[in-house]
Each structure stands twice: as structure tokens, then as C-alpha cells.
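This is what each chain is made of:
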Amino acid sequence: MKTIRIGSGAGYAGDRIEPALELAQKGDINYLVFECLAERTIAIGQKQKQQNPEKGYNELLADRMYAVLPTCLEKGIKIITNMGSANPTAAGQRVLEIAKELGAKQLKIAVVTGDDVRDVLIKQDARLDEIGQPVSTCGKDILSANAYMGADAMVKALHEGADIIIAGRVSDPSLFLAPMMYEFNWAADDWEHLGKGTCLGHLLECAGQITGGYYADPGFKDIPHLERLGFPIAEIDENGDAVITKVAGSGGRVCVDTCKEQMLYEIHRPDSYITPDVVADFTGVTFTQVGDDRVRVQGATGRAKTDTLKVSVGYQDGFIGEGEISYAGPGAVARGRLALDIVKGRFEVCGFAPSEVRFDLIGVDALHGAERSQRSEPYEVRARVAARCATRAQAVKVGNEVETLYTNGPAGGGGVNKGVKEILAMDSTLLARAFVTPAVNYLEIK
């Protein structure tokens, strides 16, 4: 029975590079997939592209290609990635430059576009889910709108001889499903196999999470050598069954529990995991430990895909100003609370009323609030004030007030940090498939 080996080279935009190189050099893989887009990544990329039309793709694209491309070219490993982000065309050109610099011959790079539907979204006056209003009345400046495309365009590119595929917003599992559909000739309406492949893509998409990175909990779930965590490999057969493993001798662990946790990660309904390719059903999935760092995955299925595609919408939504200061020693918590009270009072004195504001003691109640915290008295604490403001100038005031605690607040404050961040907020909507047209363009070295 035919099998292929797919390695996951990244689980987010800024992921480590060394494990991907390890996969290329020692993983005996056929495909190396870099999944690098979170929800707001493209919105950030669009801001970068506005400032420089040659930017807007993943900032580690060149570093990753310089690292893995020589080995991938030597071994015939195909690369698939969404590192194109908001500018797949520029990303493809950059990869072409690097490949030429490295002396590549007979190389075909596919650039997948069509996910940018901002103009369509505005023309259709789509209703945004979270805001609950159409674009025309929501009062937001829409920065980006990108539809989650499926595997189809990438499968087409593979059939047409692509060695490297650079895409923007495609569904995370679709990056992995595409080579399965190509290698095993799965039809676009073979729902059972597409469901199986989507399950495997979901297991691989976060890279080091399934090999123990997000799983580790000292004393309860111990994982060895996380400093050299190995990224996962799926050995997949034409039936869609697979073994999840990693490079022998690398750090981390692949076990039934790491696989279970990753399968449940970021899914709403295990019986209806909606992707552009299929509505996958994970309820029948079984995991079996078949060796050291080897887990067999079976039992996923699927049903017909939906008539709409999810669109991730980014918009500018003001600024966050924040400031932090530390207190240590006896009475640290009391001094930290006094510091926060002083800043609250200062806001009243100055007539400063941001739309949202938080006053936290990091190490005491910052994550779960006073009611759920353990009311401990740590030796050191960090007071933090953060506020959402309409303008950058207003946001600057937040950190400035915290900084004045150096000389106008409780004893022993130090280590002030302050800053302002632009808020790129995210919403979503659904768009009929007819309004999304994937396209593939090629760059070649003869």
C-alpha cells in the first residue's frame, strides 16, 4: 500500500526553525508543511503591505527557506506553506530569489491567491458576526477580509508539477490534505477520505503541540528535552490511516494523550469540524500506541462541505496603552494594590475615562480575578494597568501615570515598562463560494 510522509515545519508565524531543518535532514519526509497564520496575522500583514508593497508576508520566510531549501532541493522534498500571508506574490518572488541564489535548477514555485475578498465583502455589505451589523453601518475601517480557501488550488498546483507552494489564507488542515489528495487521487467529493485527511492535518497543524510542547505539565505530564523538541511526522497510507511520530532522538514525546489533546484543540464540535473541503467527524477516531513515539490514528470520516466559506475580517479598533511596575519584599501585595488605587485616582483627577480599563496584580489575580484566585501573598508582584483608548495620544497617558509611581507612589517600585499597541480586532462572516475564486500562478527556474 502506498504511503507518504508529511512533516510539520511550523505551527505559528514565529515558530522555531531548527526542528524543520531536522525534519528535512533526518525525517525521510516527502512534504514539509509550514502552517504560519493565526487569525490576526493577515491583518498585521496588510498593515505592513500598506507601508511597503513588497512586504506583508511572513517575516521568517527567508530565514526558513535559507535553512531548509538546500536539503529539500537535494532530496526532492516539496514545500507547502501559507507564509504568503497578505502578499503571496511578493513571497513567491522572494523564494525565487533565494532559490536562484542557492543554485536551484528545474524548480517550479506555485503562488496561490484569491483569498483576499475585502472588496467583495464591502460590495456585498456582509454582516459581521461579533459586531452584529453589516459593514456599511458597523463604523469600522475594514483593513482585511480573507476567505479560508481549501485544498483544490494546491492540488492543482501539485498536478502541474509545483515543487513549492506559497499561499495566503487557506484552512490550516488543507495545507496537509492537499498532498494526500494528490498522492492518493482522492476526489474532491470523497468525503470519508477528506475527513480522514482533515483529521491528520488538524493533528499536524500546530507542530510541536502534538509532540509534547503544549501538553507538558511538570510532575503530571513530564516531557523530556523540550529545548530540542522534535516536530511531528505523519506516515499516511492511501486509506487515510496514519502513524504520528517524530525524528528518532529528538526531544518531546508522541503518545495517545498528546494526540488526544491536539485533536480537541480549537474545535467546536468534534462531530462537525467545518473546513472548506469537508465537514469532518472526529467522533470515531481511535489512537493506538504502536511503538515508542508512534501512535496510529484511525476512524475519522466526513460529509459534504458547506455552501459558504468563513471570512476572517480585520479592522482597526483603537489603541491599548499599558504600564507595569514591580514591588518585592514584605508587603509587596499591599503596595501593589496601593499603586493601582493611586492610578485609579489619577484617572479621576485628570478626567481620563477610557472605554475599557484593567487594574491587575500579576501573580495574584490577573488571570482569573479575585474570586477564583488563591489569595496567596507572593514575595514579589507586578502591578499592571491597561486601557483601551480611541487615540494613540490617550493611550500614552496610561503608561505615563504608571511611570510616575517611581517617585509618587508606594515604596520600592521598580522595573517600569510602558507601551502603546494598535488594536487590530478580528471578526468573521460567511461568504458564498461563488464569490471566492482561487488562482495559481507560477514562477520557474528552468
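Residues numbered from 1 in each chain as written. Predicted model: local features only at pLDDT ≥ 70, side-chain atom pairs only at ≥ 80, totals over all residues. Heavy atoms only, no water.

A. Quick peek at the packing of helix α6 (residues 152-159) against helix α7 (residues 172-184). For the pair α6 and α7, interaxial distance at closest approach is 8 Å and the crossing angle is 45°. In this view, α6 runs oblique relative to α7, as classed from their interaxial angle. For α6 against α7, the interelement crossing comes out right-handed. For the pair formed by α6 and α7, the contact residues are Met 154, Val 155, Leu 158 and His 159 on the first element and Ser 174, Leu 175, Ala 178, Pro 179, Met 181 and Tyr 182 on the second. Of the residues belonging to the contact of α6 with α7, the class tally is 8 nonpolar, 2 polar and no charged. (Axes fitted to C-alpha atoms, helices over the stretch in contact; angles between N-to-C directions. Helix = DSSP H or I, 4+ residues; strand = E, 2+ residues; numbered from the N terminus. Parallel < 35°, antiparallel > 145°, perpendicular 65-115°, else oblique. Left-handed = near helix turned anticlockwise from the far one by under 90°. Contact = heavy atoms within 4.5 Å. Nonpolar A, V, L, I, M, F, W, Y, C, P; charged D, E, K, R; others polar.)

B. Broad picture of the packing of helix α1 (residues 18-26) against helix α3 (residues 61-75). Contact geometry of α1 with α3 gives a least axis separation of 9 Å together with a crossing angle of 15°. In terms of orientation, α1 and α3 fall into the roughly parallel class. Seen along the crossing, α1 lies across α3 with a hand that is left-handed. Note on element contacts: α3 touches α1 through Ala 67, Val 68, Thr 71, Cys 72 and Lys 75, opposite Ala 20, Leu 21, Ala 24, Gln 25 and Lys 26. Of the residues contributing to the contact of α1 with α3, the split by class is 6 nonpolar, 2 polar and 2 charged.

C. Representation of the environment of Val 295 within the structure. Structurally, Val 295 is set in strand β12 (residues 294-298). Once residues lying within four places of it in the same chain are set aside, the contact partners of Val 295 are Ala 242, Val 243, Ile 244, Val 254, Cys 255, Val 256, Cys 259, Phe 287, Thr 288, Gln 289 and Val 290.

D. Expanded view of unusual backbone geometry. Of note, the phi angle at Gln 106 is positive, near 55°, even though the residue is not glycine. In this structure, Gln 106 sits in the loop between α4 (88-101) and β4 (107-113). Look at Gln 106 and you get exposed, because its relative accessible area is 64%. A positive phi angle, near 60°, is found at Glu 266, a position not held by glycine. Along the chain, the position of Glu 266 falls in the loop between α9 (256-264) and β9 (273-274). Residue classification places Glu 266 among the exposed positions, given a relative accessible area of 57%. (Buried < 20%, exposed > 50% of the residue type's maximum accessible area, 1.4 Å probe, protein only.)

E. The packing of aromatic side chains, seen in detail. One pass over the structure, following the stated rule, counts 5 aromatic pairs. With 5.4 Å between their ring centres and 40° between their planes, Phe 184 and Trp 186 make a pair best called tilted. Classification of Phe 184 as buried rests on a relative accessible area of 10%. The rings of Phe 347, Phe 352 and Phe 359 are connected pair by pair, giving a single aromatic cluster. If you follow Lys 221 out to its NZ or CZ, it ends over the ring of Tyr 215, 4.4 Å from the centre. (Phe/Tyr/Trp six-rings, centres within 6.5 Å; stacked < 30°, edge-to-face > 60°. Lys NZ or Arg CZ within 6 Å of the ring centre and 35° of its normal.)

F. Broad picture of the nonpolar core. Counting 68 residues, the largest nonpolar core has Ile 6, Ile 165, Met 180, Ile 236, Phe 282 and Phe 287 as its most contacted members. With 7 residues, α7 is the largest single contributor of residues to this core. Not counting the four nearest positions on each side in its chain, Ile 236 is found in contact with Lys 2, Thr 3, Ile 4, Ile 6, Met 180, Phe 184, Leu 200, Asp 241 and Ala 242. By size, the runner-up hydrophobic cluster in this structure holds 37 residues, among which are Leu 32, Phe 34, Met 83 and Val 247. (Core = buried A, V, L, I, M, F, W, Y, C linked by side-chain atoms within 4.5 Å.)

G. Spotlight on the layout of surface pockets. A volume near 1100 Å³ is recorded for the largest pocket. At the level of elements, α7, β9 and β14 (308-328) are the ones that each hand at least two residues to the lining of the largest pocket. It is β14 that contributes the most residues to the lining of the largest pocket, 3 residues altogether. Space inside the second largest pocket adds up to approximately 150 Å³. Around the second largest pocket, the lining residues are Met 149, Gly 150, Ala 151, Asp 152, Ala 153, Pro 276, Asp 277, Lys 305, Leu 309, Arg 433, Val 436 and Pro 438. (1 Å grid on protein atoms, 1.4 Å probe; cavity = no way out; pocket = protein on both sides within 12 Å on 5 of 7 lines; lining within 4 Å. Points joined across faces, edges and corners; volume = space filled by probe spheres on them.)

H. Examining the sheet that holds strand β8 (residues 242-246) more closely. Taken in spatial order, the 10 strands line up as β11-β12-β8-β7-β1-β2-β3-β6-β4-β18 in an open sheet, and their pairing is mixed. For this open sheet the edge positions go to β11 (286-291) and β18 (439-445), each flanked by a neighbour on one side alone. Taking the axes of each pair of neighbouring strands and ignoring which way they run, one obtains an average angle of 25° across the sheet. Pairing of strand β2 (residues 31-34) with strand β3 (residues 78-81) involves 4 bridges; the strand directions are parallel. From the neighbouring strand, Val 33 faces β3, where its bridge partner is Ile 80. Each of β1 (3-10), β2 and β7 (232-237) is contacted by α1, which is oriented at about 160° to β1, the strand it contacts most. On the sheet, α9 packs against β8, β11 and β12 and is oriented at approximately 150° with respect to β11. (Pairing = 2+ DSSP bridges.)

I. Region of the structure containing the environment of Ile 77. Here Ile 77 lies in the loop between α3 and β3. Assessed through its relative accessible area of 6%, Ile 77 is described here as buried. Considering only alpha carbons, one finds Ile 77 and Asp 163, 86 residues apart in sequence, at a separation of 7.8 Å. Contacts of Ile 77, omitting those with residues within four sequence positions, involve Ala 24, Ile 29, Asn 30, Tyr 31, Leu 32 and Cys 72.

J. Here's a closer look at the pairing of β12. With burial as the criterion, only one face of β12 is covered, namely that bearing Val 295 and Val 297; the residues Arg 294, Arg 296 and Gln 298 on the opposite face remain uncovered. Sheet topology places β8 next to β12; 3 bridges connect them, and they run antiparallel. Each residue of the ladder has a partner; that of Val 243, found in β12, is Arg 296. Relative to β12, β11 runs antiparallel, the two being bridged by 5 bridges. Pairing of Thr 286 across the sheet is with Gln 298, part of β12.

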